[in-house]
Amino acid sequence: MSDFKSRNNTLDETEVQTLIRTAMSVRDKAYAPYSEFKVGAAILCSDGRVFSGCNVENAAYGAGICAERGAGMQALASGSQEFTAIAVVGWKDDTDEGDRGLSYPCGICRQFLNEFTDGSLRVYVARSPSDYDENDLASLLPHSFGPKNLED
Ligand code: THU
């Protein structure tokens, strides 16, 4: 998919909504029989491509993986290593629309995302295309440790 004109972190409203819709759509594919908490994520990369992922749980609980990292893996495997924006949606299926809280990326996912952005990554945590919080990753992961720390 390459229908985003944004190559930096200034998405217009239509693009934000498209990214959220993509995350909502992949959320339907989540494999979450244990928590019943389905999550979908869509990552826009600097080349304009969008990659999506859902959480995939496992009977050995610790072997499960979050939606955000699933989406990131897709991007990396397709050759995109620079993340510009991410949309995340998550809730239990039996939750009323009005009761859906926002599902922010977990700590491990914040650290994972930090590897592939400079901290200006836009993070849209949404209940619907028109109801979302917007942050940059730097505010969700202050004083982060990243690739720059390991430079000579
Ligand atoms: N989960 C995600 O996919 N992303 C997050 O950032 C938070 C948690 C998933 C993991 C697990 O399958 C379910 O949500 C409940 O924790």
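What comes next concerns the included structure. Since the model is a prediction, treat every value here as computed from it, not as a measurement.

1. Thoughts on the overall build of the chain
1) Next: A tally of regular secondary structure across the chain gives four helices and five strands.
2) Next: Relative to a compact globule of 152 residues, whose C-alpha radius of gyration would be 15 Å, the chain shows 15 Å and is just as compact.
3) Next: Dimensions of the chain, computed from C-alpha atoms along their principal axes, come out at roughly 50 × 35 × 30 Å.
4) Next: Counting across all 152 residues of the chain, residues that qualify as buried make up 45%.
5) Next: Restricting the contact set of the chain to residue pairs at least 6 apart, pairs at least 24 apart contribute 64%.
6) Next: With an accessible surface of roughly 7,900 Å², the chain has 48% of that area assigned to carbon and sulfur atoms.
7) Next: Charged side chains of the chain number 14 positive and 23 negative; the gap between the two group centres comes to 3 Å.

2. So, helix H3 (residues 107-114)
1) Next: Among all positions of H3, only Cys-109, Arg-110, Phe-112, Leu-113 and Asn-114 are buried.
2) Next: Looking at the buried positions of H3, the neighbouring elements they touch are strand S1 (37-45), helix H2 (67-77), strand S3 (83-92) and helix H4 (137-140).

3. Structural notes on the side chain of Asn-55
1) Next: Counting through the fold element by element, Asn-55 comes out in the loop between strand S2 (50-54) and H2.
2) Next: The class of Asn-55 is buried, set by a relative accessible area of 7%.
3) Next: One polar contact links the side chain of Asn-55 to the main-chain carbonyl oxygen of Phe-37, over a distance of 2.8 Å.
4) Next: Within the structure, Asn-55 has its side chain in polar contact with the backbone nitrogen of Val-39 (distance 2.9 Å).
5) Next: Excluding residues that lie within four positions of it along the chain, Asn-55 makes contacts with Ala-30, Tyr-31, Ala-32, Phe-37, Lys-38, Val-39, Ile-65, Cys-66 and Ala-67.

4. As for the site of the ligand
1) Next: Taken together, Ser-35, Phe-37, Val-39, Asn-55, Glu-57, Cys-66, Ala-67, Glu-68, Tyr-104, Pro-105 and Cys-106 make up the full set of residues adjacent to the ligand.
2) Next: Within the side chain of Asn-55, one N or O atom sits 2.9 Å away from an oxygen atom of the ligand.
3) Next: In this structure, Glu-57 approaches the ligand through a side-chain N or O atom, which is 2.6 Å from an oxygen atom.
4) Next: Here the ligand loses 75% of its free accessible area of 370 Å² to cover by the protein chains.
5) Next: The cavity that encloses the ligand is the second largest pocket.
6) Next: Broken down by secondary-structure element, the contributors of at least two residues to the shell around the ligand are S1 and H2.
7) Next: Class assignment for the residues of the shell around the ligand results in seven nonpolar, two polar and two charged.

5. Considerations on unusual backbone geometry
1) Next: With a phi angle near 60°, Glu-36 is a residue other than glycine that sits in the positive phi range.
2) Next: Structurally, Glu-36 can be placed in the loop between helix H1 (13-27) and S1.
3) Next: Positive phi values are uncommon outside glycine, yet His-143 reaches one of about 50°.
4) Next: Topologically, His-143 is positioned in the segment after H4.

6. A look at the packing of H2 against H3
1) Next: Between H2 and H3, whose axes approach to 9 Å, the crossing angle comes to 20°. Classed by the angle they form, the pair H2 and H3 counts as roughly parallel. Once H2 is placed against H3, the crossing between them reads as left-handed. Facing H2, whose interface residues are Glu-68, Arg-69, Gly-72, Met-73 and Leu-76, H3 presents Ile-108, Cys-109 and Phe-112.
2) Next: Grouping the amino acids of the contact of H2 with H3 by side-chain chemistry returns five nonpolar, one polar and two charged.

The rules behind the values
For every chain, the first residue of the written sequence is number 1, and numbering continues from 1 onward in sequence order. Side-chain atom pairs in this predicted model are given and counted only at pLDDT of 80 or more, local residue features only at pLDDT of at least 70, and totals for whole chains, interfaces and linings cover all residues. The side-chain quantities take in all heavy atoms of the structure and omit both hydrogens and water. The secondary structure listing takes helices from DSSP runs of H or I that are at least 4 residues long and strands from runs of E that are at least 2 residues long, numbered from the N terminus. Our radius of gyration looks at C-alpha atoms and nothing else; its globule reference is 2.2 Å times the residue count to the power 0.38. Think of it in three bands: with a 1.4 Å probe and only protein chains considered, a residue is buried below 20% of the maximum accessible area for its type, exposed above 50%, and partly exposed in between. Contacts are assigned to residue pairs that have any heavy atoms within 4.5 Å of one another. Here the open area of atoms and residues is found with the Shrake-Rupley method and a 1.4 Å probe, where only the protein chains shown may cover a residue. Here the positive residues are Lys and Arg and the negative ones are Asp and Glu; neither His nor the chain ends is included. To locate a charge, take atom NZ for lysine, CZ for arginine, CG for aspartate or CD for glutamate. The definition of a polar contact used here is a pair of N or O atoms within 3.5 Å, where within protein one atom must be able to donate a hydrogen and the other to accept one, and adjacent residues in sequence count solely through side-chain atom pairs. If a single non-hydrogen atom of a residue is within 4 Å of a molecule or strand, that residue counts as near it. Buriedness for pockets is judged along seven lines, at least five of which must meet protein on both sides within 12 Å for an open set on the 1 Å grid over protein atoms alone, while cavities are sets there where a 1.4 Å probe fits but cannot get out, and lining residues have an atom within 4 Å of a point. For a molecule to be placed in a cavity or pocket, more than half of its atoms must lie within 2 Å of the grid points of that cavity or pocket. Three categories are distinguished: nonpolar for Ala, Val, Leu, Ile, Met, Phe, Trp, Tyr, Cys and Pro, charged for Asp, Glu, Lys and Arg, and polar for the others, with Gly belonging to the last. Working convention: axes come from line fits to C-alpha atoms, limited for helices to the stretch in contact. Angles between N-to-C directions cover 0 to 180 degrees. Orientation labels follow simple angle bins: below 35 degrees gives roughly parallel, above 145 gives roughly antiparallel, 65 to 115 gives roughly perpendicular, and whatever is left gives oblique. Each crossing gets its hand from how the near helix is turned against the far one by less than a right angle, where anticlockwise is left-handed and clockwise is right-handed.

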